[in-house]
Every structure is written in structure tokens, then in C-alpha cells.
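Secondary and tertiary structure notes
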Amino acid sequence: MTITVIGAPASPFSLILIYVLKELGLSFENVPTTHEDIKTPEYLATKHPFGRSPVLNDDGFQVYESRAIARYLASKYQGTKTSTILIPSDVQKAALVEQFISVEISYYFPPLFKLLTQLIAVRRQGNEPDLKIVEEAREELGKTLDVYEKLLEGKDYLTGEFSLADIIHLPLTYYAINSAGEGDLWNKRPNVSKWLKNLNERESWKNIVDEYKLSEQISKYTKYTV
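What comes next concerns the included structure. All figures in this text were calculated on a predicted structure; none of them were measured in a lab.

1. Some remarks on the overall build of the chain
A tally of regular secondary structure across the chain gives 10 helices and 4 strands. When the helices and strands of the chain are placed in sequence order, the string is β-α-β-α-β-β-α-α-α-α-α-α-α-α. In terms of overall dimensions, the chain is globule-like: its C-alpha atoms have a radius of gyration of 17 Å, near the 17 Å expected for 226 residues. If one aligns the C-alpha atoms of the chain with their principal axes, the spans along those axes are about 50 × 45 × 30 Å. Within the chain, the fraction of its 226 residues that count as buried is 47%. In the chain, the share of contacts with a sequence separation of at least 24, taken over all contacts with a separation of at least 6, comes to 69%. Accessible surface, the chain: about 11,000 Å² in total, of which carbon and sulfur atoms supply 52%.

Below is the structure:
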């Protein structure tokens, strides 16, 4: 069995897969890519037609899009190497996991990605962030986190038990807090803060932070606080 993650390991989208693989106790290889690599005709034809990463190759079976890959890994391998279950076999419990994955992509990811695009990506290109977009993104994300604060009442994780839905949230949030300096958005909400602490303290994630030297990766990004 050879599992290969094709993509820059410090990418938050690659980190979702690495987090899943670590939780499931699976060994894997990583083939790093650059922005130039994923735009070549060969990559577009054989890896990802939209020129994105990561891509997973599992003994010749290839699939792209991080959330789809994460679901595939959980469905195929959970319970084979560790006791960690990321998508429960119970239909109703699985539906709740899928519910929160949908919530993440619909309400959490868009304002967070918009915020980080301004605070990190735009700044790295030598341009100044659009402060109006920054404030709009903060406000939108804050409203989302207000709902999360209610949903997490009395729970350690989104569905009550650790799941794939939790994993998908962490990598981009980690960059928002540690690179963009936006930690107050999460820290001032007690239930959200506790949830995030639980995720950061899982051994698999701590191993990732150390193994991939995420603190060094973060130092490559320009912090910008407004």
C-alpha cells in the first residue's frame, strides 16, 4: 500500500489530509509542489484539471479536492490502524458530521479565506490589504463564530465526538491565529476557544506542528494587523 499526498506540506489544504492520515495511523509519502508545478500542462492533464493541490494517489487510484480526499481516507481506512473513527457508521451520527462539513464550507471557510487573502496573500505580493474587505470578513466570521459558540455549548467537539468535521476546520484556523494574528476572534468565545484548544492538543496535530516545522513556515508569511 502506497499513499502519496501531492502538494506543499505547509498548505492548509494538504495539512487537512496529513492530519487525517496521522489520526488514522497511516504511513504516506509527500511529493511537494510549487505554484508553478500545478499550472503545467502535464499537471493539469494528469493531476488536477483546475490547477490546485493537494492530490492523493492511493496505489494508483487518484482523487483531488481535500474534503473529498479526506472522506475517502476515512471511509476506506478508519479503524484499520487506530481506533479513531472520523465518520461514524451510524447513519444519523454520520449525517451530523456531514452537516458540520457543509457548515464549514458554507459559513466558516468563505470569510476566513477572504480575511487571510487580504492579511497574508495580498501582503506577500507587495500590496496593501483592502481594509474594507478585512473588516467585512472579520464581521462575517465573527457572526459565524457566534453561532459556533452556541453550537459548542457543553461539547468538546462539533458533534460531541472528535470527527472529520473538526479536522477540516483546524489548519486554516491555525494560520489565521499564528500567522495573521487574528486569535482574538476565537479566544474571546469560551466554547469556541475550548474546542480549538482540544484540537491543538491532540497528539497527531502536535506531531504535525513539530514534524513540518509549522512555526518556521509561519515566519515566512508577513503578519499584518489592522
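2. A few points about the nonpolar core
Formed by 63 residues in total, the largest nonpolar core has its most connected members in Leu164, Trp186, Trp205 and Leu214. Broken down by element, this core gets its largest block of residues, 12 residues, from helix α4 (residues 91–124). Here this core gathers at least three residues from each of two domains, domain 1 (3–77) and domain 2 (91–220).

3. Some remarks on the packing of aromatic side chains
This model, assessed by the stated rule, comprises 10 aromatic pairs. Measuring from ring centre to ring centre gives 5.4 Å for tyrosine 157 and phenylalanine 162, while their planes differ by 65°; the resulting arrangement is edge-to-face. Exposure class is identical for tyrosine 157 and phenylalanine 162. Each is buried. Relative to tryptophan 205, the ring of tyrosine 174 has its centre 5.5 Å away and its plane inclined at 70°; by these criteria the two rings are edge-to-face. Here tryptophan 205 lies in helix α9 (residues 203–211) and tyrosine 174 lies in helix α6 (residues 164–178), a separation of 31 residues in the sequence. What links up through ring pairs into an aromatic cluster is the set Tyr19, Tyr157, Phe162, Tyr174, Tyr175 and Trp205.

Criteria and cut-off values
- All residue numbers refer to positions counted from 1 along the written sequence of the respective chain.
- Given that the model is predicted, a residue must reach a pLDDT of at least 70 before its local features are reported, and side-chain atom pairs must reach 80 or more before they are shown or counted; all residues, however, enter totals for whole chains, interfaces and linings.
- Side-chain descriptors were evaluated using all non-hydrogen atoms of the structure, hydrogens and water having been removed beforehand.
- Helix and strand definitions here come from DSSP, where helices need a minimum of 4 consecutive H or I residues and strands a minimum of 2 consecutive E residues; each element is numbered from the N-terminal end.
- Radius of gyration here uses only the C-alpha atoms, and the compact-globule reference equals 2.2 Å multiplied by the residue count raised to the power 0.38.
- Each residue is assigned to one of three classes by its accessible area relative to the maximum for its type, calculated with a 1.4 Å probe on protein chains only: buried under 20%, partly exposed between the two thresholds, exposed over 50%.
- Whether two residues touch is decided by their heavy atoms; if any such pair falls within 4.5 Å, the residues are in contact.
- Calculation of accessible area relied on Shrake-Rupley with a 1.4 Å probe; when residues are assessed, cover is drawn exclusively from the protein chains displayed.
- To qualify as a nonpolar core, a set must consist of buried Ala, Val, Leu, Ile, Met, Phe, Trp, Tyr and Cys residues joined through side-chain atoms within 4.5 Å.
- Each domain's limits were defined by an automated method or a database of domain assignments.
- Ring pairs are drawn from Phe, Tyr and Trp, using the six-membered ring of Trp, whenever the two centres fall within 6.5 Å, and their geometry is named by plane angle: stacked under 30 degrees, edge-to-face over 60, tilted for the rest.

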